[in-house]
Amino acid sequence: MITRQRLAAGVCALLAALTAGFALPAGAVADESDGQAAPKVELVLDVSGSMRTRDIDGGTRMAAAKQAFNEVLDATPEEVQLGIRTLGANYRGNDRRTGCKDTAQLYPVGPLNRTDAKTAVATLSPTGWTPIGPALLKAADDLQGGNGTRRIVLISDGEDTCQPLDPCEVAREIAAKGVGLTIDTLGLVPDAKTRDQLSCIADATGGTYTSVQHKEQLSDRVGQLVDRAADPVVTPVATEGAADCAKAPTLKSGLYTDREEFGQQRWYRVDVNPGQELRASVSVADDRTVNPDYGVLLRAVTVHGREIVRGEAAGNGRTDVMSTGLRYPRPESDDDNAPAETVCLQVTNSFSAAPGVKTTPGLPLELTVDVVAGPDKAADVAAFGLGRGWWLLGVLVLVGFLAGLVWGWVSRWRIAVWRTN
């Protein structure tokens, strides 16, 4: 029995060593945060009269928000520049026009002085209207400048009372500017209309929506969003595709954002040298209500219109984003002076707007382009569906076969010894 256990342990160790030896880590990835400006976050708090309601753990919604802000201010990372803006905090009257202008910066975006920020929060008292749209426009202005992460965290307990300036349309306009600003929303004990509006605001900029019913939940979620701003990110570059390949912008490896109208085609160009491989992927988000039956198509074609390869995805029903991708390995050339090949990337979507839904601005589009050194042999790309990993599978099969032979021989030897004794 001891001999058998030792043999099994040895076989397992052999397999582990071989696997570890072949699964060597890739080269270190460069730190994307190098050279980036400090991340900026602005907390936008609803201080309208409804925040007096006592339905969060026996206290008012305003008290829960103040507690959450104090805890978040204590835990905010040093590198994050944080500001606070209010809506509905100052005007107590009934004049709608005046009430819908009631948004103010309580604490400016910049290096955080925790004592000053807490003192400012302590002065807040539920007061007036709910001008979410105007507050978002002002918050976007507060975060202008720099190339670091920018994030708005909106906390509200009701829908906007200042339409027709629709806050969802405001969020789409902010996203359409390509400023790389994300809006996350939190609803304090929200009803269906509030939930739908806050979800729409978040979806328009690639943010998140969270429904909150407890103080600890609010503190934890706001803290997570502030911490997330400090995470290293790759900032997308805004670009504008053309209606045909001849006029399309030439893209290098990187992450790009654009807007695409319903059913529209967008073209981009990428130069690929001999021996290189083009890897591209695209995601199109439906930041508003769309009809069922939709799809996204990504094609790589030559400048003469011949299709090289395509990637496509389709769906039916409710979705937030559709994505697809493609790979094109260009063979090596015997000519050392062979020119780069211009590959045209075509992005097409088949989304259609639901009745009464605005079609402008276009749908958010995110395009990833990566031009890398190609595989040693073009055939390796799809060998057994494993790329160049097929040889690892072969080694493991061989090791397993040899281990089986050894195990069988030892078992027969053990049986022979047992019969002899």
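**Student:** Help me understand the overall build of the protein in this model?
**Tutor:** Scanning the protein from N- to C-terminus turns up 9 helices and 17 strands. Burial analysis of the protein (421 residues in total) assigns 43% to the buried set. Within the protein, residue pairs in contact and separated by at least 24 positions form 75% of the contacts whose partners lie at least 6 positions apart. Carbon and sulfur atoms make up 54% of the accessible area of the protein, which amounts to about 21500 Å² in all.

**Student:** Just checking my understanding: could you explain the packing of aromatic side chains for this structure?
**Tutor:** Each aromatic ring pair is characterised by the separation of its centres together with the angle its planes make. In this structure the tally under the stated criterion is 1 aromatic pair. An angle of 10° between the planes, with centres 5.2 Å apart, marks the rings of Tyr294 and Phe351 as stacked. Residue Tyr294 is found in strand β13 (residues 294–301), and its partner Phe351 is found in the loop between β16 (341–349) and β17 (363–373); the two are separated by 57 residues along the sequence. Owing to a relative accessible area of 3%, Phe351 belongs among the buried residues under this scheme.

**Student:** Looking at this structure, I do not really get the sheet that holds β13. What am I missing?
**Tutor:** Note: strands within a sheet are paired through backbone hydrogen bonds, in either parallel or antiparallel orientation. One open sheet holds the 4 strands; their spatial order is β11-β16-β13-β14, and the pairing between them is antiparallel. The outermost strands of the open sheet, each flanked by one partner alone, are β11 (265–272) and β14 (307–315). Each strand of the sheet is rotated relative to its neighbour by a mean of 15°, with strand direction disregarded. Here β13 runs beside β16; their pairing, made up of 6 bridges, is antiparallel. Residue pairing across strands places Arg299 opposite Gln346, the latter belonging to β16.

**Student:** Can you help me understand the sheet that holds strand β8 (residues 209–212) in this one?
**Tutor:** Read from one edge to the other, the open sheet built from 6 strands follows the order β5-β4-β1-β6-β7-β8, with strand pairing classed as mixed. Two strands close off the open sheet at either side, each with one partner strand: β5 (103–110) and β8. The average angle at which neighbouring strand axes cross in this sheet is 15°, direction not considered. With 5 bridges connecting them, strand β4 (residues 81–87) and β5 associate as antiparallel partners. The residue of β5 that forms the bridge with Leu82 is Gly110. Of the strands in this sheet, β6 (150–156), β7 (181–188) and β8 are in contact with helix α7 (residues 192–204), which crosses β7 at around 165°.

**Student:** Is there a simple way to think about the pairing of β6 in this case?
**Tutor:** Side chains on a regular strand alternate between the two faces of the sheet. Summarising burial for β6: 7 of the 7 residues are buried, a large majority. Strand direction decides the pairing type here: strand β1 (residues 40–46) and β6, joined by 6 bridges, are parallel. By the bridge assignment for β6, Glu42 is matched with Ile152. As paired strands, β6 and β7 are joined by 7 bridges and run parallel to one another. Bridging across to β7, Arg150 finds its partner in Leu181.

**Student:** Help me understand the pairing of β13 in this model?
**Tutor:** Burial runs high along β13: 8 of the 8 residues are buried. Here β13 shows a buried face lined by Tyr294, Val296, Leu298 and Ala300 and a second buried face lined by Gly295, Leu297, Arg299 and Val301. Alignment of β13 against β14, held across 8 bridges, turns out to be antiparallel. Across the sheet, Leu298 pairs through a bridge with Gly311, a residue of β14. Between β13 and β14, which pair antiparallel and follow one another directly, the connecting turn spans 5 residues, one of which, Gly305, has a positive phi of 95°.

**Student:** Help me understand the confidence of the model for the protein in this model?
**Tutor:** Close inspection of predicted coordinates is inappropriate in any region flagged by low pLDDT. Looking at the protein, the pLDDT average stands at 82 and 85% of residues meet or exceed 70. In this model, residues 378–387 is a region of pLDDT below 50 whose contacts with residues beyond four sequence positions or in other chains number 11 contacts.

**Student:** Explain a nonpolar patch on the surface here, please?
**Tutor:** Residues Leu398, Phe401, Leu402 and Leu405 make up a contiguous nonpolar surface patch of roughly 420 Å² in combined accessible area. With respect to the element layout, Phe401 can be found in helix α9 (residues 390–420).

**Student:** It is not clear to me how unusual backbone geometry should be interpreted in this structure. Could you clarify?
**Tutor:** Excluding glycine, residues mostly have negative phi values, and the peptide bonds linking residues are mostly trans. Residue Pro361 is reached from Thr360 by a cis peptide bond, and omega for that bond is -5°. A positive phi angle is found at Val189, which is not glycine, with a value near 45°. Checked against the element boundaries, Val189 lands in the loop between β7 and α7. Judged by its relative accessible area of 28%, Val189 falls in the partly exposed class. The phi dihedral of Asp293 falls on the positive side, at around 65°, and the residue is not glycine.

**Student:** Where do I start with the state of the cysteines in this structure?
**Tutor:** Disulfide: a covalent bond formed between the sulfur atoms of two cysteine residues. Overall, the coordinates contain 3 disulfides when judged by the stated rule. Each sulfur of the disulfide joining Cys100 and Cys162 lies 2.0 Å from the other. Judged by the sign of its S-S torsion, about -95°, the bond between Cys100 and Cys162 is left-handed. Of the two residues, Cys100 is situated in the loop between α3 (96–99) and β5 and Cys162 in the loop between β6 and α6 (167–176); the sequence distance between them amounts to 62 residues. No difference in accessibility class separates Cys100 from Cys162, as the two residues are buried. Each sulfur of the disulfide joining Cys245 and Cys344 lies 1.8 Å from the other. Measuring handedness by torsion sign, the sulfur bridge of Cys245 and Cys344 sits at about -60° and is left-handed. Taken together, the residues Cys245 in the loop between β9 (237–238) and β10 (254–260) and Cys344 in strand β16 connect sequence positions 99 residues apart.

Reading the values: rules and limits
- Residues numbered from 1 in each chain as written.
- Predicted model: local features only at pLDDT ≥ 70, side-chain atom pairs only at ≥ 80, totals over all residues.
- Heavy atoms only, no water.
- Helix = DSSP H or I, 4+ residues; strand = E, 2+ residues; numbered from the N terminus.
- Buried < 20%, exposed > 50% of the residue type's maximum accessible area, 1.4 Å probe, protein only.
- Contact = heavy atoms within 4.5 Å.
- Areas by Shrake-Rupley, 256 points an atom, 1.4 Å probe, with all protein chains shown as cover.
- Phe/Tyr/Trp six-rings, centres within 6.5 Å; stacked < 30°, edge-to-face > 60°.
- Pairing = 2+ DSSP bridges.
- Axes fitted to C-alpha atoms, helices over the stretch in contact; angles between N-to-C directions.
- pLDDT = per-residue confidence, 0-100.
- Patch = residues over 30% accessible without salt bridge, like charges linked within 9 Å, V, L, I, M, F, W, Y side chains within 5 Å.
- Salt bridge = Lys/Arg side-chain N within 4 Å of Asp/Glu carboxyl O.
- Disulfide = S-S within 2.5 Å.

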